[in-house]
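Close look at the chain arrangement
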Amino acid sequence: NSLWWLGVTGLDAIRQDTLPYVPRDHWARWTTAVKREHPQVTILGEMWDGNPKLVAFFQGGRPAFDGVDTGVDTLFDFPLCYAVRDVFAKGQPMTRLSETLAADTNYVNPRVLVTFLGLHDMPRFLNEDGADPVGLNLAYTFLLTTRGTPLIYYGDEIAMRGGGDPDNRRDFPGGFAGDPRDAFTAAGRTPEQDTVFRHVQRLLRLRRELEPLRRGDLQIAHASRDTFACVRRSGERPVLVVIHNGRQPAELKLEAAAIGIARDAVLHDRLHDGGEIRAANGILRITLPARSAAICAP
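Notes on the structure follow. Keep in mind that what you see is a predicted model, and the values were worked out from it rather than measured. (Residues numbered from 1 in each chain as written. Predicted model: local features only at pLDDT ≥ 70, side-chain atom pairs only at ≥ 80, totals over all residues. Heavy atoms only, no water.)

A count of helices and strands for the chain gives seven helices and 13 strands. A compact globule built from 298 residues would reach a C-alpha radius of gyration of about 19 Å, and the chain, at 21 Å, matches this within 12%. Oriented by its inertia axes, the alpha-carbon framework of the chain measures out at about 60 × 55 × 35 Å. At a minimum sequence separation of 6, the contacts of the chain that also span at least 24 residues come to 65%. Total accessible area computed for the chain in this model is approximately 14,200 Å², and 51% of it derives from carbon and sulfur atoms. Side-chain charges in the chain split into 36 positive and 37 negative, and the spacing between the mean points of these groups amounts to 4 Å. (Helix = DSSP H or I, 4+ residues; strand = E, 2+ residues; numbered from the N terminus. Rg over C-alpha atoms; globule rule 2.2 N^0.38 Å. Contact = heavy atoms within 4.5 Å. Areas by Shrake-Rupley, 256 points an atom, 1.4 Å probe, with all protein chains shown as cover. Lys, Arg positive; Asp, Glu negative; His and termini not counted. Charge placed at Lys NZ, Arg CZ, Asp CG, Glu CD.)

Have a look at this one:
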């Protein structure tokens, strides 16, 4: 299998008073021709906009109102990227996440959208006003436990800074002879860089170990100003993800049956190697320190 990445078009594609930069019927012909020669290729499109309706307009799998099926398999999830930055860098309500995910009904298949915190054409996450490494770690927790195919832009895993292009494309420290520092090794990373790196590494291991985090259905269990919780489920295997972005500790109460978890379930916080959570009388009570997260599985 292989992946092809193309810039799909701009907003003008659905305006009636202008011509699109690349007409949608062109992409339909192009993807048909490509897949005739390379049937296993996955075509990833870039529609740079924060509106899920506009992004979804270019995902193939069904004809849109113009009768055209673009044939584009999936797209970069810019709407969710903007929501993640708004929440974990700028301090907007966690309901931004649930509202954006609620718009998944616009897509043919939201499970295959490519999710990310940043790309080569954007200032890095930590260059957002209000961003800090704690928020970056919480953003990574969301990114690597939500639906979609996550993409990590090089250097974000060690909390690299960078403003607009080309500052966001600074060299990764290390990898070449003569480099003064090698961030590919623990000894070459600063304490801040190593904290973020180890957190991302742990999340990736959990994603590999817990199938629901990769392929499971997603059910939003709670969304409020400071706290977001969802259940990822594959078959009978649930994983509960809770992220708290508030500056004060909080306790979250969830009705187990309402989120498909047994009334007497015993869950373990896999993110922190402990933290047993028992359902009592069908209620899960989760204590959350300020700006923290838990990934709970049986």
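After presenting the structure, the write-up continues.
One pass over the structure, following the stated rule, counts one cavity of 30 Å³ or more. Roughly 40 Å³ of volume is contained in the largest cavity. Residue lining of the largest cavity: D77, L80, C81, V84, T115, F116, F142, L143 and T146, and that is the complete set. Of all elements in the fold, only α3 (78-88), β4 (114-116) and α5 (133-143) reach the threshold of two or more residues within the lining of the largest cavity. For the lining of the largest cavity, the element with the most residues is α3, which contributes three residues. Across the lining of the largest cavity, the residue classes tally to six nonpolar, two polar and one charged. (1 Å grid on protein atoms, 1.4 Å probe; cavity = no way out; pocket = protein on both sides within 12 Å on 5 of 7 lines; lining within 4 Å. Points joined across faces, edges and corners; volume = space filled by probe spheres on them. Nonpolar A, V, L, I, M, F, W, Y, C, P; charged D, E, K, R; others polar.)

Counting along an α-helix, one turn takes 3.6 residues, and residues three or four places apart therefore face a common direction. Within α3, ten of the eleven residues are buried, which leaves the element mostly enclosed by the surrounding structure. In this fold, the buried residues of α3 make contact with β2 (41-46), α2 (52-56), α4 (95-102), β4, α5 and β8 (237-244). N-cap assignment for α3: the residue whose side-chain oxygen lies 3.2 Å from the backbone N of L80 is D77. (Buried < 20%, exposed > 50% of the residue type's maximum accessible area, 1.4 Å probe, protein only. Polar contact = N/O pair within 3.5 Å; in protein donor to acceptor, adjacent residues only side chain to side chain.)

With that out of the way, let us pick up the pairing of strand β10 (residues 266-269). Burial along β10 is one-sided: the residues L267 and D269 are buried and none of V266 and H268 is. In the sheet, β10 pairs with strand β11 (residues 274-278) via four bridges, with the strands oriented antiparallel. When the sheet's bridge partners are listed, H268 is paired in β11 with E276. What sits between β10 and β11 in their antiparallel hairpin is a turn of four residues, with D273 showing a positive phi close to 55°. Judged from the two bridges that link them, β10 and strand β13 (residues 292-297) form a sheet pairing that is antiparallel. Across the sheet, H268 pairs through a bridge with A297, a residue of β13. (Pairing = 2+ DSSP bridges.)

In terms of burial, β8 is largely enclosed, as seven of its eight residues are buried. Pairing analysis gives eight bridges linking strand β7 (residues 227-234) to β8, with the strands arranged antiparallel. From the neighbouring strand, R233 faces β8, where its bridge partner is P238. A loop of two residues connects β7 with β8, the two strands running antiparallel in sequence, and G235 in this loop sits at a positive phi of about 65°. Bridge count between β8 and β13: five bridges; the pairing is antiparallel.

Taken as a whole and judged by the stated rule, the model has eleven aromatic pairs. Where Y153 meets Y154, the ring centres are 4.8 Å apart and the plane angle is 75°; that geometry is what we call edge-to-face. Among the residues examined, Y153 registers a relative accessible area of 10% and is labelled buried. Judged by its relative accessible area of 30%, Y154 is partly exposed. Linked through ring pairs, W48, F76, F78, Y82 and F116 together constitute an aromatic cluster. One cation-aromatic arrangement involves R24 over F57; the distance from NZ or CZ to the ring centre is 3.9 Å. Over the ring of Y154 we find R124; its NZ or CZ atom is 4.9 Å from the centre of that ring. (Phe/Tyr/Trp six-rings, centres within 6.5 Å; stacked < 30°, edge-to-face > 60°. Lys NZ or Arg CZ within 6 Å of the ring centre and 35° of its normal.)

Any link to function would need more than the numbers given here.
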